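Below, each chain spelled out in residue letters.
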Amino acid sequence: MVTGLFVLICLQSGCSAFGSESERIPTASAPSNGGAVPDYLSTDGSGGGASVSFTALDDILMQELQAFRSTQGMSTLTRDPQLDEAAQALVNVMARKNDLSHRADGQRAGDRIAAAGYVVCTYGSPWAENIARSSSFGTAADVAETIMTGWINSPNHRRNMAGRFAEVGLAVALTGDDSRIYAAQVFATPGPGPCL
């Protein structure tokens, strides 16, 4: 079953929208063979995002995710390049179309994860995805705070970020007119074998 949620948060500095999607596979017992468990962008003051560092934004979002998980008693996640690729594929399309949608490219997160060559676990919750769109600008830290605050304050996004996953991918992209930044987190546990 795939579930979804979109939240719009507006502050004095601008609006941000957030979406969450996850897939739950019916729980089954583990196989008897003991299967493995698994550039810049900153603002010139005009409201555009043409100069906030994407590298810095990516780094801050990752640090804040790990810090949040720590406050929830969860282990840190390992960054996975294939999950980064799945996240980047979505944010590139969302930014190009200026469309906050888990299916902006016509696919589900699970399809993008598979296309990137990542093999997910097979019993439990194999993956989850959070997306965000921000029209708030300032420093990379300001944009990261806007995005993370929205995700943390949304029950579905919060659940995904504190979920029992082993790995994460993260990506950000800017619209062609520099008016919005899109972000995605993709969570998964590698397979084959049961999920965490």
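Residues numbered from 1 in each chain as written. Predicted model: local features only at pLDDT ≥ 70, side-chain atom pairs only at ≥ 80, totals over all residues. Heavy atoms only, no water.

### Here we look at helix H1 (residues 54–71)
Then, in step 1: End to end, H1 covers 26 Å across 18 residues, agreeing with the expected 26 Å (1.5 Å per residue, within 8%).
Then, in step 2: For H1, every residue scored as buried is listed here: Phe54, Leu57, Asp58, Ile60, Leu61, Met62, Leu65, Gln66, Phe68 and Arg69.
Then, in step 3: After H1 finishes, the residue Gly73 shows a positive phi value of roughly 75 degrees. (Helix = DSSP H or I, 4+ residues; strand = E, 2+ residues; numbered from the N terminus. Expected span 1.5 Å × (residues − 1). Buried < 20%, exposed > 50% of the residue type's maximum accessible area, 1.4 Å probe, protein only.)

### Quick look at unusual backbone geometry
Across residues other than glycine, the phi torsion is negative in most instances, and most of the peptide bonds are trans.
Then, in step 1: That bond from Gly191 to Pro192 is cis: its omega, 0 degrees, falls within 30 degrees of zero.
Then, in step 2: Residue placement: Pro192 occurs in the segment after strand S7 (181–188).
Then, in step 3: Of note, Asn98 is a non-glycine position whose phi angle comes to about 55 degrees, a positive value.
Then, in step 4: Along the polypeptide, Asn98 turns up in the loop between helix H2 (81–97) and helix H3 (109–115).
Then, in step 5: The phi angle at Asp178 is positive, at roughly 60 degrees, despite the residue not being glycine.
Then, in step 6: Considering the arrangement of structural elements, one finds Asp178 in the loop between strand S6 (167–174) and S7.
Then, in step 7: Owing to a relative accessible area of 25%, Asp178 belongs among the partly exposed residues under this scheme.

### Comments concerning the side chain of Asp80
Then, in step 1: Assignment of secondary structure puts Asp80 in the loop between strand S4 (78–79) and H2.
Then, in step 2: Arg79 is the oppositely charged side chain nearest to the buried, salt-bridge-free Asp80, at an N-O distance of 8.7 Å.
Then, in step 3: Discounting chain neighbours no more than four positions away, the residues touching Asp80 are Tyr118, Glu167, Val168 and Gly169. (Lys, Arg positive; Asp, Glu negative; His and termini not counted. Salt bridge = Lys/Arg side-chain N within 4 Å of Asp/Glu carboxyl O. Contact = heavy atoms within 4.5 Å.)

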